[in-house]
Amino acid sequence: ETGVTQSPTHLIKTRGQQVTLRCSSQSGHNTVSWYQQALGQGPQFIFQYYREEENGRGNFPPRFSGLQFPNYSSELNVNALELDDSALYLCASRTAGTGDYEQYFGPGTRLTVT
Amino acid sequence: GQQLNQSPQSMFIQEGEDVSMNCTSSSIFNTWLWYKQDPGEGPVLLIALYKAGELTSNGRLTAQFGITRKDSFLNISASIPSDVGIYFCAGREGNDMRFGAGTRLTVKP
């Protein structure tokens, strides 16, 4: 167990709706990254937050947005859901300046859009 | 989309056999990473590679960073049933990390 938790575990939404996914970082970690993992694919980088600001973004449209809170927990918001948004959403936390072995993934939230 | 080509897509092997999988990219990366993902869990880092030509071992796992910086391979020696899972390669440049589509490994006792 990594100490990174995500909620909810599963979620079903309808096309056009909005969704908020939550991530609680491992204690002491101040950087969080979000990934989208479609079925049968590897994770795709969405964005990263450090000190409550986005400091890196992958090839995702603006309807994917995020927040990081002073306690370093994070949210991923997706507006105007599309069927292709159905995926496992992973967050990963680390402390800035530490190495790759110090980044830990959560178990993910499986989102189904119907 | 995916920039990394990972092969094979799946492997069915007998316990005790060695396994080899590889990853190629159209882009250069400064870091190559190999992860394992079990059902219902996030990926767990197995090996990180930071220098072209680097060969690194972690127990029965050995990985190499290709000298062109566009490829990497992972070997697993003397496989055991708990090696079952999906293995992902990833190339990282700054904050941007690109993953392969994964190699699904099945180990028959």
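Note that the structure is a prediction, hence the values are computed from the model and not measured.

Draft legend 1. Highlighting the sheet that holds strand 7 (residues 64–68) of chain A. Residue and element names in this part refer to chain A. In space, the 4 strands of this open sheet follow the order 1-3-8-7, with antiparallel pairing throughout. Looking at the sheet topology across the chains shown, the edges are occupied by strand 1 (5–7) and strand 7. Strand-to-strand twist of the sheet, defined as the mean angle between neighbouring strand axes without regard to direction, takes the value 20°. Looking at chain direction, strand 1 and strand 3 (residues 19–24) are connected through 3 bridges and run antiparallel. By the bridge assignment, Ser7 is partnered in strand 3 with Arg22.

Draft legend 2. Broad picture of the nonpolar core. Core analysis: the largest hydrophobic core is formed by 21 residues, its most contacted members being Trp32, Trp34, Leu74 and Leu105 of chain B. Within the residue set of this core, elements represented by two or more residues are strand 2 (10–14), strand 3 (19–25), strand 4 (31–37), strand 5 (44–49), strand 7 (61–65), strand 8 (71–76), strand 9 (85–93) and strand 11 (103–108) of chain B. Counting 19 residues, the second-largest nonpolar core is a separate cluster that includes Trp34, Ile46, Cys91 and Val113 of chain A.

Draft legend 3. Summary view of the confidence of the model for chain B. Mean pLDDT over chain B: 94, with 98% of residues reaching 70 or higher. Confidence, read as mean pLDDT per element, is least for strand 10 (residues 96–99) of chain B in chain B (87) and greatest for strand 7 of chain B (98).

The rules behind the values
Residues numbered from 1 in each chain as written. Chains lettered and ligands numbered in written order. Predicted model: local features only at pLDDT ≥ 70, side-chain atom pairs only at ≥ 80, totals over all residues. Heavy atoms only, no water. Pairing = 2+ DSSP bridges. Helix = DSSP H or I, 4+ residues; strand = E, 2+ residues; numbered from the N terminus. Axes fitted to C-alpha atoms, helices over the stretch in contact; angles between N-to-C directions. Core = buried A, V, L, I, M, F, W, Y, C linked by side-chain atoms within 4.5 Å. Buried < 20%, exposed > 50% of the residue type's maximum accessible area, 1.4 Å probe, protein only. pLDDT = per-residue confidence, 0-100.

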